[in-house]
2 protein chains.
Amino acid sequence: MRIILDGMGGDNAPYEIVKGAVEASKEIDETIVIVGQEDKILSELSKYQYDTSKIEIMNATEVIENEDSPVRSVRRKKDSSMVVGLNEVKSGNGDIFISAGNTGALMAGSLFNLGRIQGIDRPALAAIYPVLGKEPLLLLDAGANSECKANNLLEFGIMGSIYMDKVLGRKNPKVGLVNLGVEANKGTTLTKMAYELLEKSTCNFTGNVEAREVPNGICDVVVCDGFVGNVIIKLSEGLGLSISKLLKNKLLDGFKAKIGAILLVDKLKSIKKDFDYTEYGGAPILGVKGPVIKMHGSSNAKAVKNSIIKAVPFAKEGVVDIISEAVLEMEELLISDEV
Amino acid sequence: MRIILDGMGGDNAPYEIVKGAVEASKEIDETIVIVGQEDKILSELSKYQYDTSKIEIMNATEVIENEDSPVRSVRRKKDSSMVVGLNEVKSGNGDIFISAGNTGALMAGSLFNLGRIQGIDRPALAAIYPVLGKEPLLLLDAGANSECKANNLLEFGIMGSIYMDKVLGRKNPKVGLVNLGVEANKGTTLTKMAYELLEKSTCNFTGNVEAREVPNGICDVVVCDGFVGNVIIKLSEGLGLSISKLLKNKLLDGFKAKIGAILLVDKLKSIKKDFDYTEYGGAPILGVKGPVIKMHGSSNAKAVKNSIIKAVPFAKEGVVDIISEAVLEMEELLISDEV
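Described below are features of the structure shown in this document. Note that the coordinates shown come from a computational prediction; the quantities given were computed from them, not determined experimentally. Positions within a chain are numbered from 1, following the residues in the order the chain's sequence is written. Chains carry letters from A onward and ligands carry numbers from 1 onward, assigned in written order. This being a predicted model, a pLDDT of at least 70 is required before a residue's local features are given, and a value of 80 or more before pairs of side-chain atoms are given or counted; all residues contribute to the totals for chains, interfaces and linings. With hydrogens and water excluded, all non-hydrogen atoms of the structure serve as input to the side-chain values.

**A word on the overall build of chain A**
- Only DSSP runs of H or I reaching four residues or more are called helices, and only runs of E reaching two or more are called strands; each is numbered from the N terminus. The number of helices and strands found in chain A is 12 helices and 12 strands.
- Throughout, radius of gyration means the C-alpha value; the globule benchmark is 2.2 Å times the number of residues raised to the power 0.38. A compact globule built from 339 residues should have a C-alpha radius of gyration of about 20 Å, and chain A, at 21 Å, falls within 12% of that.
- Projected onto its principal axes, the C-alpha coordinates of chain A cover approximately 65 × 60 × 35 Å.
- Roughly 14,000 Å² of accessible area belongs to chain A as shown, and the carbon and sulfur atoms make up 49% of that amount.
- All tallies of charge rest on Lys and Arg as positive and Asp and Glu as negative; His and the ends of each chain are not included. To locate a charge, take atom NZ for lysine, CZ for arginine, CG for aspartate or CD for glutamate. The averaged location of the 46 negative side-chain charges in chain A is 6 Å from the averaged location of its 40 positive side-chain charges. A 1.4 Å probe and the Shrake-Rupley method give the accessible areas. Residues count as covered only by the protein chains that appear here.

**Quick word on the side chain of Ser81(B)**
- Here Ser81(B) shows up in helix α4 (residues 81-91).
- Polar side-chain contacts of Ser81(B) include one of 2.7 Å to the side chain of Asp6(B). Contacts described as polar in this section are N or O atom pairs within 3.5 Å, which, within protein, must combine one atom able to donate a hydrogen with one able to accept it, while residues neighboring in sequence count only if both atoms come from side chains.

**Here we look at the sheet that holds strand β10 (residues 221-223) of chain B**
All names here are of chain B.
- Read across the sheet, 5 strands follow the order β6-β7-β10-β8-β9 without closing on themselves; strand pairing throughout is mixed. Each of the sheet's edge strands pairs with one partner strand only, and the pair in question is β6 (127-129) and β9 (204-209). Pairs of neighbouring strands in the sheet enclose a mean axial angle of 30°, with direction left out of account.
- Of the strand pairs in this sheet, strand β7 (residues 137-140) and β10 are connected by 3 bridges, and their pairing is parallel. Looking across to β10, one finds that Leu 138 is bridged to Val 221. By this definition, two strands are paired if DSSP reports at least two bridges between them. Note on geometry: axes are C-alpha line fits, over the in-contact stretch for helices, and angles between N-to-C directions span 0 to 180 degrees.

**So, the sheet that holds strand β10 (residues 221-223) of chain A**
Residue and element names in this part refer to chain A.
- Ordered by their spatial adjacency, 5 strands build an open sheet running β6-β7-β10-β8-β9, and the pairing between neighbours is mixed. Only two strands of the sheet have a single partner each, and these edge strands are β6 (127-129) and β9 (204-209). Direction aside, the axes of adjacent strands within the sheet are offset by 30° on average.
- As paired strands, strand β8 (residues 174-178) and β9 are joined by 5 bridges and run parallel to one another.

**Looking at α4(B)**
All names here are of chain B.
- In terms of burial, α4 is a largely internal element, 8 of the 11 residues being buried.
- Buried within α4 are the following residues: Ser 81, Met 82, Val 83, Val 84, Gly 85, Leu 86, Glu 88 and Val 89.
- Phi turns positive, to about 90°, at Gly 92, one or two residues after α4. Exposed residues in this analysis have more than 50% of their type's maximum accessible area, buried residues have under 20%, and partly exposed residues fall in between, with area computed by a 1.4 Å probe over protein chains only.

**Digging into the side chain of Asp141(B)**
Residue and element names in this part refer to chain B.
- Tracing the backbone shows Asp 141 in the loop between β7 and α6 (150-166).
- One polar contact links the side chain of Asp 141 to the main-chain amide nitrogen of Asn 145, over a distance of 2.5 Å.
- Contact partners of Asp 141, with chain neighbours within four places excluded, come to Ala 124, Leu 125, Phe 156, Cys 224, Asp 225, Gly 226 and Gly 229. By definition in these notes, contact holds between two residues if any of their heavy atoms fall within 4.5 Å.

**Let's talk about the pairing of strand β3 (residues 55-59) of chain A**
Residue and element names in this part refer to chain A.
- As paired elements, strand β2 (residues 31-36) and β3 share 5 bridges and run parallel to each other. What sits directly across from Gly 36, in β3, is Asn 59.
- Note on handedness: a crossover is taken as right-handed if, strands pointing away from the viewer, the path from the first strand over the helix to the second is clockwise. Read as a crossover between parallel neighbours, the route from β2 over helix α2 (residues 38-45) to β3 is right-handed.

**So, the pattern of salt bridges**
- Within this document, salt bridges are pairs made up of a side-chain nitrogen of Lys or Arg and a carboxyl oxygen of Asp or Glu, the two lying within 4 Å of each other. For the structure on display, the rule yields 24 salt bridges over all chains.
- When the shortest N-O distance is used, the salt bridge between Arg212(A) and Glu237(B) registers 3.2 Å. Taken together, the residues span two chains, with Arg212(A) in the loop between β9 and β10 and Glu237(B) in helix α8 (residues 226-251).
- By relative accessible area, which is 25% here, Arg212(A) ends up partly exposed.
- Between Glu30(B) and Lys316(B) there is a salt bridge whose closest N-O contact spans 3.0 Å. Separated by 286 residues along the polypeptide, Glu30(B) in the loop between α1 (15-25) and β2 (31-36) and Lys316(B) in helix α11 (residues 301-316) bring together distant segments of the chain.
- The class of Glu30(B) is buried, set by a relative accessible area of 9%.

**Digging into helix α7 (residues 189-200) of chain A**
- An expected span of 1.5 Å times one less than the residue number is assigned to each helix. In this model, α7(A) (12 residues) spans 17 Å end to end at C-alpha, consistent with the 16 Å of a helix rising 1.5 Å per residue.
- Residues Leu190(A), Thr191(A), Ala194(A), Tyr195(A), Leu197(A) and Leu198(A) constitute the buried set of α7(A).

**Observations regarding empty space enclosed by the protein**
Residue and element names in this part refer to chain B.
- Put simply, the grid is 1 Å and covers the protein atoms alone, a cavity is a trapped set of points that fit a 1.4 Å probe, a pocket is an open set with protein on both sides within 12 Å along at least five of seven lines, and lining residues have an atom within 4 Å of a point. Grid points are joined across faces, edges and corners, and a volume is the space filled by probe spheres set on the points. Applying the stated criterion across every chain, the model contains 3 cavities of 30 Å³ or more.
- Of the pockets and cavities examined, the largest cavity occupies roughly 40 Å³.
- Every residue lining the largest cavity is listed: Ile 128, Tyr 163, Val 167, Leu 168, Tyr 280, Gly 282, Ile 293, Ser 307, Lys 310 and Ala 311.
- Considering each element in turn, the lining of the largest cavity owes the most residues, 3 residues, to α11.

**Some points on the packing of aromatic side chains**
Residue and element names in this part refer to chain B.
- Stacked, edge-to-face and tilted are the three classes for Phe, Tyr and Trp ring pairs, Trp counted by its six-membered ring, which pair at centre distances within 6.5 Å; planes under 30 degrees apart are stacked, over 60 edge-to-face, the rest tilted. Applying the stated rule across the entire model yields 4 aromatic pairs over all chains.
- Ring centres of Tyr 195 and Phe 205 lie 5.1 Å apart, and the angle between their planes is 80°; this geometry places the pair in the edge-to-face category. Within this pair, whereas Tyr 195 is found in helix α7 (residues 189-200), its partner Phe 205 is found in strand β9, the two being separated by 10 residues in sequence. Per residue, the accessibility class of Tyr 195 equals that of Phe 205, and both read buried.
- For a Lys NZ or an Arg CZ to count as sitting over a ring, it must be within 6 Å of the ring centre and within 35 degrees of the ring normal. Over the ring of Phe 112 we find Arg 75, and its NZ or CZ is 3.9 Å from the ring centre.

Following this line, the structure appears as structure tokens:
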């Protein structure tokens, strides 16, 4: 298996990306192909000792920056690490593409270069959402589709269930729809229609979930439009940060408190770990004809390593093929719904 | 001034409501009229010593329950504490109505009984959102209007600014629009149109805000549709709860940690206070022809007391009249926008 890694994407590229690749190569048997400006990648690689049979470099002269327009950049920068990497997956020479680069460009590039799975209207970005004290849940769409129709939310539920089952290993995952209340008749035109579709589908749909319950891990797969998904992800990050800042300030204020905080330091560290996205690997893009993973833009070597390791089952379990087959069931549901 | 208080609304009615009224009456000069089943209110009141010239009872035989259908209940339960209370404000015998009861019914009742301010399309529920280490911000709509048009978001910005200025005392409040990114061209059809309207308005509009920045208090008034507002409020509550639960569990696990936690106990309490909605008073309903405040359903006496005290400027500063005048400016903006 060949894992294609964007060596130039993200705030810490290429150094943290290359470091993460080297660390991952010690734990898996797959070949890791780092795509990017050869001299820069080589100069980073030369810092480490590694099994040279397991890491390759593929030259790509251009870089898609975070400020670049997504659609324009993937159209024009044909020799960028992102476009070259996606084409490796398209041609079958690569089994999965992983990037910490421009999210919009990765989404657009996946659509243009790999194409959407036939019958999928809107591919989605699925986020791994940490649940305190439990396994993380999968939330989609996390921001790729800010305006959705009910059939898109159905797609998200089905694709998310498949990923949760095959890659994260949770069988018969519970699917919940973000809504104003738990009652079936609550919500907007969109959520009411999506509720009906999800209820008729083969998903293990457990009904509406209120945003309050998401951090408790009330279900395994949380479905919502990309605007709401973006709000959930970003608000959680922001609130987590501001609470830990406050904790630190308050706990270190005053002598008695300082002693207390020192005694608690291990515990506080373990709480921080529960929030730590670097543990969980990247976010899959579901619905395109090839496995693609988006890493956090500020990924460090540890996040890169974990994303690479957790990418293996995504490619191996044939998630893309299983989604293609599930589309049939979905189409029947949508047609019968229109009759 | 006569403050009309729903004695029967909320999870802890009437005991915590009556207790809160008694406590508030010691701090303000206004008359508090408790509406509800006279025998029950009297029996609660008899537990306390208070200035009988400052607390009155108004009998209302029916109660709107949390499970009642909002529209049906305010139409049918004409002698409920909520409907009777709202009618006191309508007739001019009361200056403000405060309730911890069924939110939907309070919204519907405010619309039917008081009516919307001419020119306001969608009255909104504005939530007081606690900001760690700073003054709270105002977020609207908090869930009354799950589907909105751009002009509704403009209304929310204008009404929120007026409330923030006149009642919460922050002059020239900064208004932000919840969006996927800070750039003006980001977002959905709705947010792009709302951005244009807000930019042309007399609001101190500072542009888009990402959900990540809301807990930091990036602006004074946060504008969004009611679905997103509901997600922000409920997710913040849920995340706050699950973090404090985790903190408690982790901190009290192990002997060394336990000693640390005991030394920190005052600090932890002061953090909890920063999250404590009971400090801030209730959430105003803006856009109807009379001041109405919704308290949290589980309000205790302290929350009730603070809501009553903070209700005084809402009624005194003529917020409803100022909103009525601001509508003119808004209408000019909407008309010129259509030409």
